[in-house]
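Breakdown of the fold
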Amino acid sequence: MFQTSFKYYKSKNPPPTFENVLVIGMDHPNLHPLRHIDGSNCLGLKPPREWKVYELSTRPGLLLLANPFTCEGQRHWMMRSLVDYPMSPNTTNQSNIAQLNQDVGDSWWETLRSIPDVTERRKFAKQLRWVTLGYQYDWTNKVYDETRKESFPSELASLVRYVATVLRYERYSPEAAIVNYYPIGSTLAGHTDHSEDDQIAPLFSFSFGQPAVFLIGGATREERPDAVLLRSGDIVVMTGASRQCYHAVPRVFTDSELVEEMGHSAKRWNATDSLMVQRIDETWREVEQYIQYSRININVRQVLRENQLTLQAAS
């Protein structure tokens, strides 16, 4: 049932309809709003009392936050994801980088900017698919390696801890992240996240850029999944039973397609006043060119159990 739904939303001919896709922030019997939360503004976020937080009743423990970011906050995290994170010592899918221009060192962003031809630049941009932060992930053996543990970005750690604390997960420790880069038309197959020693701590997933359909199923592939629309700024938090559920991204598409099909927009990073427009620099303009045809997902995990100091100490 999971694979049937995946193929349905992935299909280009005929294209899927979106009538059964849940829209975070809209009324729906399976989206239960949680109580309002108090707190202060932080890290590009709106005050928590303005957040709209839901639990998907068909998937207990799956929390959905309807874009708690300011426009400026969204732009900030997009820039961090493109300018700062794809750099050594973080690992990318392009880390065997003979193709990187030696004149700009190990900066993926500067390499991208150095390509004069627009077509070639976009082709190079689409080749970046993931970056690992903190504990580096071994994609071949699907494990973390204590000998390949890098410093987790402090600002991203502060963001995740803040969201976790607001949601009453005060002891959460962000120790690893996979930043996924999805060109329009790309997919992520159904899977579960089970490589962490701590498989109870929540998994935090931040979406930026173009919209996507997110499928969340059950503990096996036999269960029919729910489809959720993720727009820029939305946050998914997998807690409780949902932490072990199969999930996937069968479709990444453009904001214009979303408006045409559903009447909603994913473009939530526009400047809202003339003063803000004046502060937008050239770096952001180049990031915005990239984001017109891409989605960024920052997926943060706690690797170690509480009071566990290293992976080598795991039983």
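Because the structure is predicted, anything quoted here is derived from the model rather than measured.

A short note on the overall build of the chain
Helices and strands together make up the secondary structure of the chain, namely 8 helices and 15 strands. Relative to its full complement of 315 residues, the chain shows a buried share of 53%. Considering only residue pairs separated by 6 or more positions, the chain has 76% of its internal contacts joining residues 24 or more positions apart. Taken as a whole, the chain presents about 14,700 Å² of accessible surface, with 49% of it coming from carbon and sulfur.

Quick word on the confidence of the model for the chain
Per-residue pLDDT for the chain has a mean of 89; in total, 90% of the residues score no lower than 70. Confidence, read as mean pLDDT per element, is least for helix α7 (residues 274-279) in the chain (50) and greatest for strand β13 (residues 235-238) (98).

Regarding the pattern of salt bridges
Taken as a whole and assessed by the stated rule, the structure comprises 12 salt bridges. We note a salt bridge from D226 to R59, for which the minimum N-O separation is 3.2 Å. In this pair, D226 sits in strand β12 (residues 226-230) while R59 sits in the loop between β3 (53-56) and β4 (62-65), placing the two residues 167 residues apart along the sequence. Comparing D226 with R59, the two get one shared label, buried. Among the salt bridges present, the one from R80 reaches D84, with a minimum N-O distance of 2.8 Å. Here the residue R80 and the residue D84 both occupy positions in helix α2 (residues 71-84), the gap between them amounting to 4 residues, near one helical turn. Counted as one network, the salt bridges with shared partners bring together D193, E196, R243 and R301.

Regarding the environment of R171
Within the element layout of this structure, R171 appears in the loop between α5 (154-166) and β8 (176-183). Given the relative accessible area of 68%, R171 is considered exposed. It is 8.4 Å that separates the C-alpha atoms of R171 and E306, two residues lying 135 residues apart in sequence. What R171 contacts, discounting residues up to four positions off in sequence, is Q302 and E306.

A short note on helix α8 (residues 282-291)
The complete set of buried residues in α8 reads W284, E286, V287, Y290 and I291. The buried residues of α8 occupy an angular sector of 160 degrees when the element is viewed end-on, so they sit on one face. Here the buried face of α8 lies against α2, α3 (108-113), α4 (118-127), β8, β10 (203-209) and β15 (294-301).

So, the packing of aromatic side chains
All told, the structure shown has 14 aromatic pairs when counted by the stated rule. Three or more aromatic residues joined by ring pairs form one cluster here, namely W130, Y135, Y137, W139 and Y144. Cation over ring: R75 sits above W284, and NZ or CZ is 5.9 Å from the ring centre. Over the aromatic face of Y293 sits the side chain of R122, whose NZ or CZ is 3.9 Å from the ring centroid.

A short note on the packing of α2 against α8
Orientation of α2 relative to α8, taken along the N-to-C sense of each, is 85 degrees, at an axis distance of 10 Å. The angle between α2 and α8 places the two elements in the roughly perpendicular class. Of α8, the residues touching α2 (which contributes R75, M78, M79, L82 and V83) are T283, W284, V287, Y290 and I291. Residues belonging to the contact of α2 with α8 are distributed by class as follows: 8 nonpolar, 1 polar and 1 charged.

Remarks on the layout of surface pockets
In this structure, the largest pocket occupies an estimated 590 Å³ of space. W139, L188, H191, D193 and R301 are the residues nearest the centre of the largest pocket, which is lined by 33 residues in total. Those elements that place two or more of their residues in the lining of the largest pocket are β6 (130-138), β8, β9 (188-191), β10, β13, β14 (247-252) and β15. Broken down by class, the residue content of the lining of the largest pocket amounts to 17 nonpolar, 10 polar and 6 charged.

So, the nonpolar core
Among the nonpolar cores identified, the biggest contains 49 residues, and F204 and F206 are the most heavily contacted of them. Considering each element in turn, this core owes the most residues, 8 residues, to α5. The residues contacting F206, other than those within four sequence positions of it, are F69, L159, V160, V163, D234, I235, I296, N297, I298 and V300. Counting residues in hydrophobic clusters, the runner-up holds 20 residues, among them Y54, A212, V249 and V252.

Structural notes on helix α6 (residues 255-262)
Along α6, the positions that sit buried rather than exposed are D255, L258 and M262. Mapping the buried residues of α6 onto a view down its axis gives an arc of 60 degrees, with all of them on the same face. Exposed side of α6, more than 90 degrees from the buried face: S256 and E260 are the residues found there. Lining the buried residues of α6 we find β1 (21-23) and β12. Immediately beyond the C-terminal end of α6, within one or two residues, lies G263, with a positive phi of roughly 80 degrees.

Conventions and cut-offs
Residues numbered from 1 in each chain as written. Predicted model: local features only at pLDDT ≥ 70, side-chain atom pairs only at ≥ 80, totals over all residues. Heavy atoms only, no water. Helix = DSSP H or I, 4+ residues; strand = E, 2+ residues; numbered from the N terminus. Buried < 20%, exposed > 50% of the residue type's maximum accessible area, 1.4 Å probe, protein only. Contact = heavy atoms within 4.5 Å. Areas by Shrake-Rupley, 256 points an atom, 1.4 Å probe, with all protein chains shown as cover. pLDDT = per-residue confidence, 0-100. Salt bridge = Lys/Arg side-chain N within 4 Å of Asp/Glu carboxyl O. Arc of directions from axis to C-beta. Phe/Tyr/Trp six-rings, centres within 6.5 Å; stacked < 30°, edge-to-face > 60°. Lys NZ or Arg CZ within 6 Å of the ring centre and 35° of its normal. Axes fitted to C-alpha atoms, helices over the stretch in contact; angles between N-to-C directions. Parallel < 35°, antiparallel > 145°, perpendicular 65-115°, else oblique. Nonpolar A, V, L, I, M, F, W, Y, C, P; charged D, E, K, R; others polar. 1 Å grid on protein atoms, 1.4 Å probe; cavity = no way out; pocket = protein on both sides within 12 Å on 5 of 7 lines; lining within 4 Å. Points joined across faces, edges and corners; volume = space filled by probe spheres on them. Core = buried A, V, L, I, M, F, W, Y, C linked by side-chain atoms within 4.5 Å.

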